[in-house]
Amino acid sequence: MEPDIEISDPIHKRILIHPRERSILDHPYVQRLRHIRQLGFVSWVYPSATHDRFSHSVGTLHVAGTIAEQIFENEEISFLARALSREEKKFLKEIVRLAGLLHDIGHAPFSHTAERVMPLVEKLKLPTDWLANPHERRIATHEDYTALLLTGLAQGPAPALGDDEAEIIASLVHHKKIKIPASWKKRFSPGIETESLHRLARSLVSSDIDADRMDYLLRDSHFAGVVYGQVDIPWLISNLGSVKTNDGYLISISEQGIHALEHYLFARYHMYVQVYMHKTVKCFEHYFARAIEEGETEYRIPADRDDYAALRDSTILEDLFAAAAMHPKSWAGRLMRRAPAKRVARIWDKDEETKKLFAKLERELKQIGVGSFLVTSKRKFLDLPPPSLGTIDVKPQGLFQFGLSTMPLAVVRRQFGISSIAPVGNYSFVLKEYHEDISITDIYILPEDYARKEAEIREIIKKFRVFSELEIEFDEPVGN
């Protein structure tokens, strides 16, 4: 029997890879992630944030394994550790680790920006028996390409995955579109609620508190050189468990772990606002999207599995360099000479009001020959269901609500020798009160136009400033 191999990692220090995982890790579909940066244009603002999706995938495998060990083996804190057989636990730990490793396999170069030019999902020719809605017409996502590449891992003379494994992993990482396979249900004894267990298992890879987010918060903040994402992940995981309720199996968290959960969620919030939604990052993503949409580059997303797997960051960047050299004043030209637009406003929430305001501002700026654009960035702060405005009785599904992206979470409290569970909002005033999604709109003016007509622009934009009741205008030096 081959021994485990050990990978040194700056975040988790020591990651053990099992022999079977090593063969999957060496597959070209996984190795391609070495050539796709984790954070795209973030490194153009935070120079050291050049880590790739490969290292993140290995880190996610490690964290997924740690969480799975806690949930499926710690009998003191987890119901499932007591209810499952040894073989069932072994299968779950292996499949969750593999799902962590392969969750990002379908990302394209600069993927989130590039997804807007992906083909229709029907062109990918995914196995129809995998799909929850085989006739759905929509644009493909990177999760669809993950499922497509998983089919490839199960093919060929020496497949890295079995057919059932590929389908199960696809259902865990793309549960919104891939149905629970029959093979999943056959893995467990009759007393196990397989649909509920699937929901819980997928939440370990894709939810609010999942291996993906835990790794990328630590990894991204480390390489960006910021402290926002530094969270005590081992302590948070050590407080997780599982319980059985009338709503099925739920992830639980000990009462003493609530503050670590709050810290984790706010760390994610701060990383989005300070790093992922940085004004220059969002500007460059807009440039890149416009360059693609207006045909300045040859970047196209192929539906063919192997053609897609051949895409790399370097290929796209060379196209952008060529386009910039040919048309320096193009979107590609602005991007490759790193000429960010001038942001004149950042507005929180109020999306519709902002669009109306921008339409008026844009008209006035066009009259003096100035180009402008806006970028709206949205993320959920929390996928946990908000507290009901009424009593517990009016909640649609008991104490805990379920949704495609929701991870139900129960707080376990032990007091005077009696244990109880309750929704997380009952024991965290922060999570009870704060359920606003992150919605930020930045308004930009093209850099060459701002340099040319700064004085006129300043006079125009002043007319659009609205003060709240608690704000007082004050004079500041020109240029701030």
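Residues numbered from 1 in each chain as written. Predicted model: local features only at pLDDT ≥ 70, side-chain atom pairs only at ≥ 80, totals over all residues. Heavy atoms only, no water.

**Here's the deal with the overall build of the protein chain**
In step 1: Within the protein chain, the regular secondary structure consists of 21 helices and 9 strands.
In step 2: In terms of overall size, the protein chain behaves like a compact globule, its C-alpha atoms giving a radius of gyration of 24 Å where 480 residues would be expected to give roughly 23 Å.
In step 3: For the protein chain, the proportion of its 480 residues judged to be buried stands at 53%.
In step 4: Partitioning the intrachain contacts of the protein chain with sequence separation of at least 6 by distance along the chain shows that 71% fall at a separation of at least 24.
In step 5: Accessible surface, the protein chain as shown: approximately 23,200 Å² in total, 51% of it carbon and sulfur. (Helix = DSSP H or I, 4+ residues; strand = E, 2+ residues; numbered from the N terminus. Rg over C-alpha atoms; globule rule 2.2 N^0.38 Å. Buried < 20%, exposed > 50% of the residue type's maximum accessible area, 1.4 Å probe, protein only. Contact = heavy atoms within 4.5 Å. Areas by Shrake-Rupley, 256 points an atom, 1.4 Å probe, with all protein chains shown as cover.)

**Focus: the confidence of the model for the protein chain**
Interpretation of this model should avoid reading the predicted coordinates in detail wherever pLDDT is low.
In step 1: Confidence in the prediction for the protein chain averages 89 pLDDT; 91% of positions are at 70 or higher.
In step 2: The model gives residues 386–406 a pLDDT under 50, and that stretch makes 38 contacts with residues more than four places away or in other chains. (pLDDT = per-residue confidence, 0-100.)

**Points about the sheet that holds strand 3 (residues 240–245)**
What holds strands together in a sheet is hydrogen bonding between their backbones, with the strands either parallel or antiparallel.
In step 1: Spatially, 3-4-7-8 is the arrangement adopted by the 4 strands of the open sheet, whose pairing is mixed. The open sheet terminates on both sides in strands that have one partner only, identified here as strand 3 and strand 8 (418–423). Averaged over neighbouring strand pairs, the angle between their axes works out to 40° when direction is ignored.
In step 2: Of the pairings in the sheet, the one linking strand 7 (residues 409–415) to strand 8 comprises 6 bridges and is antiparallel in character. Along strand 8, the bridge assignment pairs valine 412 with isoleucine 421. (Pairing = 2+ DSSP bridges. Axes fitted to C-alpha atoms, helices over the stretch in contact; angles between N-to-C directions.)

**Comments concerning helix 11 (residues 211–224)**
In step 1: The terminal C-alpha atoms of helix 11, which comprises 14 residues, lie 20 Å apart, in line with the 20 Å expected from a rise of 1.5 Å per residue.
In step 2: Taken as a whole, helix 11 has its buried residues at Ala211, Asp212, Arg213, Met214, Asp215, Tyr216, Leu217, Leu218, Arg219, Asp220, Ser221 and Ala224.
In step 3: Directly beyond the C-terminal end of helix 11, a positive phi value near 80° is found at glycine 225. (Expected span 1.5 Å × (residues − 1).)

**Overview of the sheet that holds strand 6 (residues 372–379)**
In step 1: Taking strand neighbours across the sheet as the criterion, the 3 strands line up as 5-9-6 in an open arrangement whose pairing is antiparallel. A strand with exactly one partner marks an edge of an open sheet, and here the two such strands are strand 5 (342–348) and strand 6. Across the sheet, the mean angle separating the axes of adjacent strands is 20° when strand polarity is ignored.
In step 2: Sheet topology places strand 5 next to strand 9 (residues 438–445); 6 bridges connect them, and they run antiparallel. The residue of strand 9 that forms the bridge with tryptophan 348 is isoleucine 440.
In step 3: Its contacts with the sheet place helix 14 (residues 279–293) against strand 5, strand 6 and strand 9, and it is angled at close to 110° to strand 6.

**Re the pattern of salt bridges**
In step 1: If you walk through the whole model with that rule in mind, you get 30 salt bridges.
In step 2: As a salt-bridge pair, arginine 20 and glutamate 165 come within 2.5 Å of each other at their nearest N and O atoms. Of this pair, arginine 20 sits in helix 1 (residues 19–25) while glutamate 165 sits in helix 8 (residues 163–173); the two residues are 145 residues apart in sequence, bridging distant segments of the chain.
In step 3: The exposure class assigned to arginine 20 is partly exposed, which follows from its relative accessible area of 37%.
In step 4: A salt bridge links arginine 53 to aspartate 104; the nearest nitrogen and oxygen atoms lie 3.1 Å apart. Placement of the pair is arginine 53 in helix 3 (residues 53–73) and aspartate 104 in the loop between helix 5 (86–102) and helix 6 (111–114), with a sequence separation of 51 residues.
In step 5: By relative accessible area, which is 7% here, arginine 53 ends up buried. (Salt bridge = Lys/Arg side-chain N within 4 Å of Asp/Glu carboxyl O.)

**Topic: the packing of helix 18 (residues 351–367) against helix 21 (residues 454–462)**
In step 1: As a packed pair, helix 18 and helix 21 sit with axes 10 Å apart at the nearest point and diverge in direction by 155°. Judged by the inter-axis angle, helix 18 sits roughly antiparallel to helix 21. Relative to helix 21, helix 18 is oriented so that their crossing is right-handed. Every residue of helix 21 that contacts helix 18 at Leu361, Glu364 and Leu365 is listed here: Ile457, Ile460 and Ile461. (Parallel < 35°, antiparallel > 145°, perpendicular 65-115°, else oblique. Left-handed = near helix turned anticlockwise from the far one by under 90°.)

**Topic: unusual backbone geometry**
In step 1: In the Ramachandran plot, lysine 125 falls in the positive-phi region, its phi being about 55° despite a non-glycine side chain.
In step 2: With a phi angle near 50°, arginine 338 is a residue other than glycine that sits in the positive phi range.
In step 3: Along the chain, the position of arginine 338 falls in the loop between helix 17 (331–336) and strand 5.

**Quick look at the side chain of threonine 297**
In step 1: Inspection of the secondary structure puts threonine 297 in the loop between helix 14 and helix 15 (305–309).
In step 2: Among the residues examined, threonine 297 registers a relative accessible area of 3% and is labelled buried.
In step 3: Polar contacts involving the side chain of threonine 297 include one to the main-chain amide nitrogen of tyrosine 299, which spans 3.1 Å.
In step 4: Not counting chain neighbours up to four residues away, the residues in contact with threonine 297 comprise Ala291, Ile292, Asp319 and Leu320. (Polar contact = N/O pair within 3.5 Å; in protein donor to acceptor, adjacent residues only side chain to side chain.)

**What about the nonpolar core?**
In step 1: One finds Phe72, Leu102, Leu197 and Tyr264 to be the most contacted residues of the largest nonpolar core, which totals 126 residues.
In step 2: Ranked by residues supplied to this core, first place goes to helix 13 (residues 258–276) with 12 residues.
In step 3: Leave out the neighbours within four places in its chain, and tyrosine 264 touches Asp208, Ile209, Asp210, Arg213, Met214, Leu217, Val231, Ile233 and Leu236.
In step 4: Judged by nonpolar contacts, the second largest core, of 11 residues, contains Ile443, Ile445, Tyr450 and Ile457. (Core = buried A, V, L, I, M, F, W, Y, C linked by side-chain atoms within 4.5 Å.)

**Some words on the packing of helix 7 (residues 142–153) against helix 8**
Packed helices, taken two at a time, are described by their axes: the angle between them and the distance between them.
In step 1: At a minimum axis separation of 9 Å, helix 7 and helix 8 run at an interaxial angle of 170°. In terms of orientation, helix 7 lies roughly antiparallel with respect to helix 8. Where helix 7 approaches helix 8, its residues Glu143, Thr146, Ala147 and Leu150 are matched on the opposing element by Ala166, Ile169, Ala170 and Val173.
In step 2: Residues of the contact of helix 7 with helix 8, tallied by class, amount to 6 nonpolar, 1 polar and 1 charged. (Nonpolar A, V, L, I, M, F, W, Y, C, P; charged D, E, K, R; others polar.)

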